[in-house]
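Overview (structure and organization)
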Amino acid sequence: YMISSLTVEGNTAFTQDELLADARLAVGKPYRTHDRARLLRSIRAAYGNEGFIEARLDIAEIFALDSAAVDVVVKVEEGQKKRVRDVIVRGNVNTRDGVVRRYMTVYPGDVVDLRELRYSEDALVALDYFTDLTGVPKVRVATEPTDDPELVDVVIDIEDTSSGLFTFIVGAGSDNGVFAGVTIDKRNFDISRPASSWGRFFPEFFGAGEAFHGGGQRLF
């Protein structure tokens, strides 16, 4: 089927030309499923980046009876523009809130911008502080509704993990003979948080991370 017309209905925040600017779908071109999906994703992103995170989209297809032609109508329900009420950090058992918040680029009062939420999540993942033993990130930045229809909370869910690495090296060389070495690499280090006792130093330093952990520093 070839596209005989392509229109947008229900849009007030953007013009039709703005929403269709990057569309692969166009009058006179084939009506391809993957181009339709790409168009919907593009329009959804445009609204999400301007605070319309609850925008709903649908496509109506009107096929001609006497030719291989189709009229395509993108129907938009914009919903209400959202602002940020609060930024909430959850799951950080040992990591300080401030370590997480310094990588956020959205603040209370801002219009919700999904690009900034993704950027903030990527910045936290890149720290490599919050991963499981296989390296899978344990970070999620999302929004949650509030009792005010104009406001949402931005919620950062993370999972604290052990970040201490102890390496013991033994080797031999023809010039230097036998040698040994020890290295300690502690990510998310906090010099102000000592172990509860000397006897608990190793399990708290390398295990659950209660000791010297959560300040966003690095010891190497």
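Structure's up top.
Report follows, based on the coordinates. The written sequence of each chain sets the order in which its residues are numbered from 1. At least 70 in pLDDT is required for a residue's local features to be given in this predicted model, at least 80 for side-chain atom pairs to be given and counted, and no such filter applies to totals for whole chains, interfaces and linings, which use all residues. Side-chain figures throughout are based on the complete set of non-hydrogen atoms in the structure, without hydrogens or water.

1. Observations regarding the sheet that holds strand 5 (residues 139–145)
The sheet built from three strands is open, its strands ordered 4-6-5 with mixed pairing. Of all strands in the sheet, those with a lone pairing partner are strand 4 (83–90) and strand 5, marking the two edges. On average, adjacent strands in this sheet sit at an angle of 20° to one another, irrespective of strand direction. Two strands qualify as a pair provided DSSP detects at least 2 bridges between them. The helix count covers DSSP runs of H or I at least four residues long, the strand count covers runs of E at least two residues long, and both are numbered beginning at the N terminus. Bridge analysis of strand 4 against strand 6 (residues 151–158) gives seven bridges, and the strand direction is parallel. What sits directly across from Arg83, in strand 6, is Leu151. Residue contacts follow a heavy-atom distance rule, with two residues in contact if any of their heavy atoms lie within 4.5 Å. As a rule, the C-alpha atoms of each element are fitted with a line to give its axis, helices using only the stretch in contact, and angles between N-to-C directions run from 0 to 180 degrees. Along the sheet face, helix 4 (residues 114–127) touches strand 5 and strand 6 and points at about 150° away from the line of strand 5.

2. Re the side chain of Asp35
Checked against the element boundaries, Asp35 lands in helix 2 (residues 33–48). Beyond its immediate sequence surroundings of up to four residues, Asp35 is in contact with Arg24 and Leu25.

3. Comments concerning the pattern of salt bridges
Only one rule defines a salt bridge in this text: a Lys or Arg side-chain nitrogen within 4 Å of an Asp or Glu carboxyl oxygen. One pass over the structure, following the stated rule, counts nine salt bridges. Among the ionic pairs, Asp157 bridges to Arg90, the shortest N-O distance being 2.8 Å. With Asp157 in strand 6 and Arg90 in strand 4, the pair connects residues that are 67 residues apart, well separated along the chain. Burial classification: accessible surface area is computed with a 1.4 Å probe over protein chains only, and a residue below 20% of its type maximum counts as buried, one above 50% as exposed, and the rest as partly exposed. Accessibility expressed as a relative area gives 23% for Asp157, which makes it partly exposed. Judged by relative accessible area, Arg90 falls into the partly exposed class, the value being 33%.

4. Here's the deal with the sheet that holds strand 2 (residues 56–63)
Strand order in the open sheet made by the three strands is 1-3-2, with mixed pairing throughout. Sheet topology places strand 1 (2–9) and strand 2 at the edges, where each strand pairs with a single neighbour. This sheet shows a mean twist of 20° between the axes of neighbouring strands, independent of strand direction. The strands touched by helix 2 are strand 2 and strand 3 (69–77); relative to strand 2, the strand with the most contacts, the crossing angle is about 145°.

5. With respect to the pairing of strand 3
Taken together, the seven bridges between strand 1 and strand 3 define a ladder with parallel strand orientation. Along strand 3, the bridge assignment pairs Leu6 with Val72. Relative to strand 3, strand 2 runs antiparallel, the two being bridged by eight bridges. Counterpart to Phe63 in the pairing with strand 3 is Val70.

6. Things to note about helix 4
The α-helix winds at 3.6 residues per turn, so residues separated by three or four positions along the chain end up facing the same way. Taking 1.5 Å of rise per residue, the 14 residues of helix 4 would be expected to cover 20 Å, and the 20 Å separating its terminal C-alpha atoms lies within 8% of that figure. By the burial criterion, the buried members of helix 4 are Leu117, Ser120, Ala123, Leu124 and Leu127. The arc that holds every buried residue of helix 4, seen down its axis, measures 125°, which confines them to one face. Seen from the buried face of helix 4, the exposed residues on the opposite side, beyond 90 degrees, are Tyr119, Asp122 and Ala126. Buried residues in helix 4 make contact with helix 3 (97–101), strand 5 and strand 6. Every helix has an expected span of 1.5 Å times one less than the residues it contains. Directions pointing from the helix axis toward each C-beta atom define the arc.

7. Re a positive patch on the surface
Each patch is built from residues that are more than 30% exposed by relative accessible area and take part in no salt bridge. Like charges join if they lie within 9 Å; nonpolar side chains (Val, Leu, Ile, Met, Phe, Trp, Tyr) join within 5 Å. Methods summary: accessible areas were calculated by the Shrake-Rupley approach with a probe of 1.4 Å, and residue burial reflects only the protein chains presented. When charges are counted, neither His nor the chain ends are considered; positive counts come from Lys and Arg and negative counts from Asp and Glu. For charged residues, the charge sits on one atom: NZ in Lys, CZ in Arg, CG in Asp, CD in Glu. Where like charges cluster on the molecular surface, the positive patch consists of Arg24, Lys29, Arg38 and Arg41. Along the polypeptide, Lys29 turns up in the loop between helix 1 (16–19) and helix 2.

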